[in-house]
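# An overview of the molecular structure
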Amino acid sequence: MNTSTRADRKDFSVPLLRGQRALVTGANSGIGKATAIALGRAGADVVVNYVADRPAAESVVKEIEGFGVRSYAHEADVSQEDQVVGMVSRMVDELGTIDILIANAGLQRDASLTDMSLDSWHKVIEVNLTGQFLCAREAVKEFLRRGVVPEVSRSAGKIICMSSVHQIIPWAGHVNYASSKGGVQMLMATMAQELAPQKIRVNAIGPGAIKTPINRDAWETQQAEADLMTLIPYGRIGVPEDVADAAVVLASDLLDYVIGTTLYVDGGMTLFPGFATGG
Ligand code: NAD
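## Let's talk about the sheet that holds strand E1 (residues 21-24)
Reading across from one edge, E3-E2-E1-E4-E5-E6-E7 is the order of the 7 strands in this open sheet, with parallel pairing throughout. Since the sheet does not close on itself, it has two edges, and those belong to strand E3 (71-75) and strand E7 (262-265), each with one partner. Sheet twist, expressed as the average angle between the axes of neighbouring strands with direction ignored, equals 20°. Looking at chain direction, E1 and strand E2 (residues 45-50) are connected through 4 bridges and run parallel. Bridge assignment links leucine 23 to a residue of E2, and that residue is valine 47.

Structure (structure tokens):
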């Protein structure tokens, strides 16, 4: 075991991710934005991926640069193979390598089953599931090429798949989204099993209800928020920073022995709160 890395790991005056290079997809809004900023604060250089709204991405870059680390914005649609290949290869050129991938980009196109178009089905699967596959594949090629650099991290690379409580909770009216996240769970676990021998750590985060643009309907009105609260034992809606902080720790060597798991950041939503008083 490399003692200097271990010592760094336990020295909380050293930023947890010092010297690491991270790619966050969908990083100009919501959870991705908060995570990119938190990774920068923890000492990582950060590539801020976006697909639309460059000014929003540039303002995230500015905030990250304020921590004295490198950052730039990169436009790419994660569901397009050539764009993902180009994004990771530019990162290797400009930052030297990639140590952390936060596969976060995602969207919803909600409809009841009978109203759902094939186009909406494909779109959500392509961004939420195929996008994570493509980003992970390209990151892993670089992890394998570079291997473990003990001064940087105990592992050869970390992938965090942004999943959802809906990888296990069925969700009427969102069959494309729930299916994509169920797929992400198995994508994550299979990659984790396949890559652990190469010292690559793959895990997921399963957010519950986090206040972002993706779920505005669920918290915008008082009634909607009250309804939502019946599903959250901890009694508050989550904020992007709840997920961002979890991602920093999960990506760090503090959790070096955590492989193939989903960390639910959900205020207890996955605890079947409907059974608290009955069932
Ligand atoms: P958000 O809408 O604020 O952010 C989603 C980001 O993904 C945006 O930056 C968007 O532009 C980007 N994106 C969409 N399609 C893309 C594409 N093709 N290529 C690149 N980027 C693309 O929503 P959010 O809540 O921050 O969602 C982030 C992730 O968290 C998603 O995967 C979502 O499924 C997951 N999640 C969110 C919640 C929640 O309650 N907010 C709960 C569970 C899971």
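## Observations regarding the pairing of E2
Residues in a regular strand point their side chains to alternate faces of the sheet. Across the 6 residues of E2, 6 count as buried, placing the element largely inside the fold. Taking every second residue as pointing to the same face, both faces of E2 are buried, with Asp45, Val47 and Asn49 on one and Val46, Val48 and Tyr50 on the other. Of the crossover connections in this fold, the one passing from E1 over helix H2 (residues 30-41) to the parallel E2 is right-handed. Where E2 meets E3, 5 bridges bridge the pair, whose relative direction is parallel. Looking across to E3, one finds that valine 47 is bridged to tyrosine 72. What joins E2 to E3 is helix H3 (residues 54-65), and the crossover it makes is right-handed.

## Quick word on the site of the ligand
In the vicinity of the ligand there are 28 residues, among which Ser29, Ile31, Asn104, Tyr177 and Thr212 approach most closely. One nitrogen or oxygen atom from the side chain of threonine 212 is found 2.5 Å from an oxygen atom belonging to the ligand. Between the ligand and asparagine 215 there is a distance of 2.9 Å, counted from an oxygen atom to a side-chain nitrogen or oxygen. Taking 810 Å² as the accessible area of the ligand by itself, protein coverage stands at 92%.

## A few points about the pairing of strand E6 (residues 200-207)
The buried fraction of E6 amounts to 8 of the 8 residues, a majority that puts the element mostly inside the structure. The two faces of E6 match: Ile200, Val202, Ala204 and Gly206 on one face and Arg201, Asn203, Ile205 and Pro207 on the other face are all buried. The pairing of strand E5 (residues 157-162) with E6 spans 6 bridges and is classified as parallel. Bridging from a neighbouring strand, glycine 157 pairs with isoleucine 200 of E6. Remark: the E5/helix H6 (residues 175-195)/E6 crossover connection has right-handed handedness. Two strands pair when backbone bridges link them, and E6 and E7 are joined in this way by 4 bridges, in the parallel orientation. Within E7, the residue paired with proline 207 across the bridge is valine 265.

## Comments concerning the environment of proline 170
Within the secondary structure, proline 170 is located in the loop between E5 and H6. Between the alpha carbons of proline 170 and glycine 182 there is a distance of 9.4 Å; along the sequence they are 12 residues apart.

## Concerning the nonpolar core
Counting 36 residues, the largest nonpolar core has Leu23, Leu101, Ile159, Cys161 and Val202 as the members making the most contacts within it. For this core, the elements supplying multiple residues, two or more each, are helix H4 (81-95), strand E4 (100-103), helix H5 (118-146), E5, H6 and E6. The element that contributes the greatest number of residues to this core is H5, accounting for 8 residues. Look past the residues within four positions of leucine 101 in its chain and what remains in contact with it is Leu23, Cys135, Ala136, Ala139, Lys158, Ile159 and Ile160. Judged by nonpolar contacts, the second largest core, of 35 residues, contains Ala44, Ile100, Ile160 and Ile210.

## Details of unusual backbone geometry
In the Ramachandran plot, aspartate 53 falls in the positive-phi region, its phi being about 75° despite a non-glycine side chain. Structurally, aspartate 53 can be placed in the loop between E2 and H3. Since its relative accessible area comes to 46%, aspartate 53 is described here as partly exposed. Phi angles above zero are rare outside glycine, and lysine 199 is one such case at about 65°. With respect to the element layout, lysine 199 can be found in the loop between H6 and E6.

Conventions used here
- Residues numbered from 1 in each chain as written.
- Predicted model: local features only at pLDDT ≥ 70, side-chain atom pairs only at ≥ 80, totals over all residues.
- Heavy atoms only, no water.
- Pairing = 2+ DSSP bridges.
- Helix = DSSP H or I, 4+ residues; strand = E, 2+ residues; numbered from the N terminus.
- Axes fitted to C-alpha atoms, helices over the stretch in contact; angles between N-to-C directions.
- Buried < 20%, exposed > 50% of the residue type's maximum accessible area, 1.4 Å probe, protein only.
- Right-handed = clockwise from strand over helix to strand, strands pointing away.
- Near = heavy atom within 4 Å.
- Polar contact = N/O pair within 3.5 Å; in protein donor to acceptor, adjacent residues only side chain to side chain.
- Areas by Shrake-Rupley, 256 points an atom, 1.4 Å probe, with all protein chains shown as cover.
- Core = buried A, V, L, I, M, F, W, Y, C linked by side-chain atoms within 4.5 Å.
- Contact = heavy atoms within 4.5 Å.

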